[in-house]
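If you want the building blocks of each chain, they are given just below.
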Amino acid sequence: MIKTIIFDLGGIFFEVNWEEVNKELVNKVNVPIFPKEGRYEFYLDFALGKISSKEYFDKLLKTVNSSVKRENLKKAYKEAYINNTKINENMLKLAKELHKRYNLICITNTNEFHKKINESRGLFKEFDNVFSSFELGKIKNTKNIFIEVLEKLNLNAEDCIFIDDKVENIEIARSVGVNSILFKYFDQLVNELKNNGI
């Protein structure tokens, strides 16, 4: 019997248009947050909590050879991130309803800067526990993150269901015995939850 629902955050509760975030930052402070392809290598260190926000923004400024002040970049980044994020209000309502009957947990690949912004927007409000990659030092590409969360909260894998928008994360959760749903869109998720007796 399902007692705990584990959610991913980005791609389910909100969508970020990273191309627009990058464009806005270039327009405002002439600092791109992405190289021509992918992300800067030190971004992973940021997401894993190996470097702080201060270190991340300093490295970014140094990499693009910018004389912009760190605080100005942080302010512009925060504004661009908020401006180019679309929050899924239906998911927030669903989480509120589910929380009346189930324990809700969030496992998210995120850095401390994004977490603070999303916290201030009330995106973590309905979660009993939030596990972030930068706090755990792990991202969801390893089964260890699921094993650690289950152990920390004394949960049985078969009593949980995990919802994520990435196939690879779903497969990893299933490999440790956690029932999982690949999120595609809101109505599909509602139907799949019903099929699982939720």
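Our subject is the structure that appears above.
(A) Quick look at the side chain of Lys140. Relative to the helices and strands, Lys140 is located in the loop between helix H7 (133-136) and helix H8 (143-152). The exposure class of Lys140 is buried, given its relative accessible area of 1%. A distance of 2.7 Å separates polar atoms of two side chains, one belonging to Lys140 and the other to Asp8.

(B) Spatial organisation of the pattern of salt bridges. Evaluated as defined, the whole model comprises 16 salt bridges. Note that Glu97 and Lys100 form a salt bridge whose closest N and O atoms lie 2.8 Å from each other. For Glu97, a relative accessible area of 42% corresponds to the partly exposed category. Here Lys100 falls in the exposed class, since its relative accessible area comes to 59%. A single network of salt bridges, built from pairs that share partners, joins Lys54, Asp58, Arg70, Glu71 and Lys74.

(C) Structural context of unusual backbone geometry. The phi dihedral of Asn65 falls on the positive side, at around 55°, and the residue is not glycine. In this structure, Asn65 sits in the loop between helix H3 (53-63) and helix H4 (70-83). For Asn65, a relative accessible area of 73% puts it in the exposed group. Phi is positive for Asn154, close to 55°, though the residue is something other than glycine. Take Asn154: it is sitting in the loop between H8 and strand S6 (160-164). On the accessibility criterion, Asn154 (73% relative accessible area) is exposed.

(D) Structural view of the state of the cysteines. Tallied over the full model, the rule gives zero disulfides. Unpaired in terms of disulfides, Cys106 finds its nearest cysteine sulfur in Cys160, a separation of 14 Å. Assessed through its relative accessible area of 0%, Cys106 is described here as buried. Accessibility expressed as a relative area gives 0% for Cys160, which makes it buried.

(E) Region of interest: helix H6 (residues 112-120). Inspection of H6 places Phe113, His114, Lys115, Ile117 and Asn118 among the buried residues, and these make up the whole buried set. N-cap assignment for H6: the residue whose side-chain oxygen lies 3.0 Å from the backbone N of Phe113 is Asn111. Once H6 finishes, Gly122 follows within two positions and takes phi at roughly 80°, a positive value.

(F) Representation of the pairing of S6 in the model. Within S6, five of the five residues are buried, which leaves it mostly tucked inside the rest of the structure. Burial along S6 is two-sided: the residues Cys160, Phe162 and Asp164 and Ile161 and Ile163 are all buried. With four bridges joining them, strand S1 (residues 4-7) and S6 adopt parallel strand pairing. Bridging from a neighbouring strand, Ile6 pairs with Phe162 of S6. In the classification by handedness, the crossover that spans S6, the intervening helix H9 (residues 167-175) and the parallel strand S7 (residues 179-182) is right-handed.

(G) Representation of the side chain of Asn118 in the model. Residue position: Asn118 is located in helix H6. Polar contacts involving the side chain of Asn118 include one to the side chain of Arg121, which spans 2.6 Å. The residues touching Asn118, leaving out its near neighbours within four places in the chain, are Leu9, Phe14, Tyr81, Leu123 and Phe124.

(H) Main features of the sheet that holds S1. Reading across from one edge, S5-S4-S1-S6-S7 is the order of the five strands in this open sheet, with parallel pairing throughout. Among the strands making up the open sheet, the edge pair consists of strand S5 (129-132) and S7. Ignoring which end each strand starts from, the neighbouring axes of this sheet average 20° apart. Sheet topology note: the S6/S7 ladder contains four bridges and is parallel.

(I) Main features of the packing of aromatic side chains. By the definition in use, this model includes 15 aromatic pairs. Their ring planes at 65° and their centres at 6.2 Å tell us that Phe7 and Phe127 sit as a pair that is edge-to-face. Of this pair, Phe7 sits in strand S1 while Phe127 sits in the loop between H6 and S5, and the two are 120 residues apart along the sequence. With respect to class, Phe7 is no different from Phe127; both count as buried. Relative to Phe113, the ring of Phe57 lies with its centre 5.0 Å away and its plane at 75°, an arrangement referred to as edge-to-face. Residue Phe57 is found in helix H3, and its partner Phe113 is found in helix H6; the two are separated by 56 residues along the sequence. Summarising the burial analysis for this pair, Phe57 and Phe113 share the class buried. Grouping aromatic residues by their ring pairs yields a cluster made of Tyr40, Phe42, Tyr43, Phe46, Tyr56, Phe57, Tyr77 and Phe113.

Conventions used here
Residues numbered from 1 in each chain as written. Predicted model: local features only at pLDDT ≥ 70, side-chain atom pairs only at ≥ 80, totals over all residues. Heavy atoms only, no water. Helix = DSSP H or I, 4+ residues; strand = E, 2+ residues; numbered from the N terminus. Buried < 20%, exposed > 50% of the residue type's maximum accessible area, 1.4 Å probe, protein only. Polar contact = N/O pair within 3.5 Å; in protein donor to acceptor, adjacent residues only side chain to side chain. Salt bridge = Lys/Arg side-chain N within 4 Å of Asp/Glu carboxyl O. Disulfide = S-S within 2.5 Å. Pairing = 2+ DSSP bridges. Right-handed = clockwise from strand over helix to strand, strands pointing away. Contact = heavy atoms within 4.5 Å. Axes fitted to C-alpha atoms, helices over the stretch in contact; angles between N-to-C directions. Phe/Tyr/Trp six-rings, centres within 6.5 Å; stacked < 30°, edge-to-face > 60°.

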